[in-house]
Number of protein chains: 2
Amino acid sequence: MTPIDAASHPFDDAIALIPDGPDRFSGRTHPAFRNMIGPFGGAIAATLLNGVLSHPDRRGDPLALTVHFAQPVAEGGFSVMSRILRSNRSSQHWQVELGQKDGIAAFASIVTANRRESWGLTQAKAPAAPAPDDLPAFPAVDGFAWTANYDMRFIEGGPGAPASEQDPSRTVMWIGDRPFRPIDALSLSALSDAFFPRIYIRRPALVPIGTVTLTVHFHTDAATLAGLRPGLLLGVAHARHFGQGFFDQSAELWTADGTLLATSHQMVYFKE
Amino acid sequence: MTPIDAASHPFDDAIALIPDGPDRFSGRTHPAFRNMIGPFGGAIAATLLNGVLSHPDRRGDPLALTVHFAQPVAEGGFSVMSRILRSNRSSQHWQVELGQKDGIAAFASIVTANRRESWGLTQAKAPAAPAPDDLPAFPAVDGFAWTANYDMRFIEGGPGAPASEQDPSRTVMWIGDRPFRPIDALSLSALSDAFFPRIYIRRPALVPIGTVTLTVHFHTDAATLAGLRPGLLLGVAHARHFGQGFFDQSAELWTADGTLLATSHQMVYFKE
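Residues numbered from 1 in each chain as written. Chains lettered and ligands numbered in written order. Predicted model: local features only at pLDDT ≥ 70, side-chain atom pairs only at ≥ 80, totals over all residues. Heavy atoms only, no water.

**Remarks on the relation of the copies chain B and chain A**
- Taken as rigid bodies, chain B and chain A are interconverted by a rotation of 180° and an axial shift of 0.0 Å, the fit giving an RMSD of 0.0 Å. The relationship between the two copies is best expressed as a two-fold rotation axis.
- When the interface residues of chain B are mapped onto chain A, 100% of them are again interface residues, pointing to one common binding face. (Least-squares fit on C-alpha atoms with pLDDT ≥ 70 in both. Contact = heavy atoms within 4.5 Å.)

What follows is the structure, encoded as structure tokens:
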């Protein structure tokens, strides 16, 4: 359960849920996580995941999360309903819905799993990057309150950073919660949605956009995350295709010492 | 609706649904699409998508599909329930469940959207590949009946094909339905799951595996797919990370002339 108290981190406040009956919680949007229209999608993704992590029947750690952003979440209160669609020996499949008075605004399907030691290998490579201390922190963006909650230091493909010649839709950046908060699956869910939309990197023109669906895959268990040294994560994002009003965006989140924590994939609407 | 008749393609037979009340269909597993345990996951993914495409209220074309394989589907009949969780002006968000007598075996969340002309650009690059006619078709694999329904011609990272030195978890192959069937979102969903599990490419040892969840992003509308020239697709698959009993796998499906049709991302369980 995420307690609400004056000393808590703004991110924990934003995703806090209060039990409100069996399989049911209540929450509210947080002004510090406002986006242009409705709340920052990453905070909604984390809130839906919190609907599972806060549930007394949950076993195992988050393995995969797919969020659907069906409608902008209106400012104010909402309900979160979490239920298990199927359990098996080592995993649980959950469905979580965020409802407001006019219906379901967002929902998610989530897998939690008991992870155990096994053979392992990281095939992907983290890009080379200068240390975060050698880079300026990007200032918060007016009209996008949520950006003040993240420490972003662009290396490639960001505002004020050069684009890659190989892949001009790619961004490499250090990123983390501001102020620092220990990394867990909740913060990774939100960080996965904190990369600026690829269309703004590839073709700078502020057309309206909206993430339709976001999938996050978690590569480590909660115990591994709890043992991480504090610090910013190295984020990499790129797009494969833009067309017919949508583009895709994939991202990786790495620790400074090269552990891949999460990968994510989204489809984003854009208007011209 | 997918009609069942003697002249239909085996894939259409395997994913056929018969209306069985409001929001409800019935279907059955098909012996030609058997996997080692239960049916080929790609056929289940396509069946769930068919539960939306066959629904009278559906508008727009598939944009994204996330399937959860919660339990092996038992041989025999099943029900498919499809419902809209939220509609908005240009898209619909669906939830589809495949049930058998002991509960939900698989489910999916699906977005359909009205796509329109827009600025576009393909950032990803298809790998260079010899023409499919210059390559041998891979024979069907004993004990995996579904493989007989696919024409697979390996270029890199397959049985009998060299692995890439850059990325030894990568496969490049020509792939298509056998016999040929016009490409649509249904066949793309199944093809997205037809790549051999990355762990078998990276570390050849036939450990038990199972896809837990598969996400497919569609990059073209149905009209574009209907206009494609017949032919095999160029498939590329790779993994980023193996560890704690799971690995991820991403894939792209390209036409021979370089149109990116779909990308997919899955998390797969493995046992040692």
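Next comes the rest of the account.
**Comments concerning the environment of B:P132**
All names here are of chain B.
- Mapped onto the fold, P132 is located in the loop between β7 (121-122) and β8 (150-156).
- Overall, the relative accessible area of 19% leaves P132 in the buried class.
- The spacing of P132 and F154 is 22 residues in sequence and 9.1 Å in space, taken between C-alpha atoms. (Helix = DSSP H or I, 4+ residues; strand = E, 2+ residues; numbered from the N terminus. Buried < 20%, exposed > 50% of the residue type's maximum accessible area, 1.4 Å probe, protein only.)

**Points about helix α2 (residues 41-53) of chain A**
- Counted at 1.5 Å a residue, the expected span for α2(A) with its 13 residues is 18 Å, and the 18 Å between its end C-alpha atoms agrees.
- Summarising burial for α2(A): 13 of the 13 residues are buried, a large majority. (Expected span 1.5 Å × (residues − 1).)

**As for the pairing of strand β10 (residues 209-218) of chain B**
Residues and elements named next belong to chain B.
- Across the 10 residues of β10, 8 count as buried, placing the element largely inside the fold.
- Note: strand β3 (residues 61-69) against β10, 5 bridges, orientation antiparallel. Residue pairing in the sheet places A64 in a bridge with H217 of β10. (Pairing = 2+ DSSP bridges.)

**Quick word on the confidence of the model for chain A**
- For chain A, the average pLDDT comes to 95, and 98% of its residues sit at 70 or higher.
- This prediction of the complex comes with two scores: 0.96 for pTM and 0.96 for ipTM. (pLDDT = per-residue confidence, 0-100.)

**Quick notes on unusual backbone geometry**
- Residue A:P179 is bonded to the preceding A:R178 through a cis peptide linkage, with omega at -5°.
- Within the secondary structure layout, A:P179 lies in the loop between β9 (171-177) and α3 (185-191).
- A positive phi angle, close to 60°, is found at B:D23, a residue other than glycine.
- A residue is classified by how much of its surface remains accessible, and B:D23, at 33% relative accessible area, is partly exposed.
- Within the chain, B:Q244 stands out as a residue other than glycine whose phi angle is a positive 50°.
- Among the structural elements, B:Q244 can be located in the loop between β12 (241-243) and β13 (246-254).
- On the basis of relative accessibility, which here comes to 10%, the residue B:Q244 falls in the buried class.

**Overview of the interface of chain B and chain A**
- Between chain B and chain A, the contact holds 69 residues from the first and 69 residues from the second.
- Summing both sides of the interface, chain B and chain A together bury roughly 5,900 Å²; the carbon and sulfur share of this comes to 54%.
- Counting the contacts that link chain B with chain A gives 4 salt bridges.
- Between B:E252 and A:R240 there is a salt bridge; the shortest N-O distance is 3.4 Å.
- Taken together, the links from chain B to chain A amount to 42 residue pairs in polar contact (both at pLDDT 80 or more).
- Looking at which element gives the most residues to the side of chain B that touches chain A, the answer is strand β6 (residues 103-113) of chain B, with 8 residues.
- Class assignment of the residues belonging to the side of chain B that touches chain A gives a composition of 25 nonpolar, 28 polar and 16 charged.
- Relative to β7(B), strand β12 (residues 241-243) of chain A is paired through 2 bridges, and the arrangement is antiparallel. In the sheet register, A:H241 faces β7(B), and the bridge partner there is B:T122. (Buried area = accessible area lost by both parts, 1.4 Å probe. Salt bridge = Lys/Arg side-chain N within 4 Å of Asp/Glu carboxyl O. Polar contact = N/O pair within 3.5 Å; in protein donor to acceptor, adjacent residues only side chain to side chain. Nonpolar A, V, L, I, M, F, W, Y, C, P; charged D, E, K, R; others polar.)

**Remarks on the pattern of salt bridges**
Residue and element names in this part refer to chain A.
- Following the criterion strictly, the structure yields 22 salt bridges over all chains and no others.
- Close ionic contact of R170 with E156 constitutes a salt bridge, the shortest N to O distance being 2.9 Å. Separated by 14 residues along the polypeptide, R170 in the loop between β8 (150-156) and β9 and E156 in strand β8 bring together distant segments of the chain.
- For R170, a relative accessible area of 24% gives the class partly exposed.

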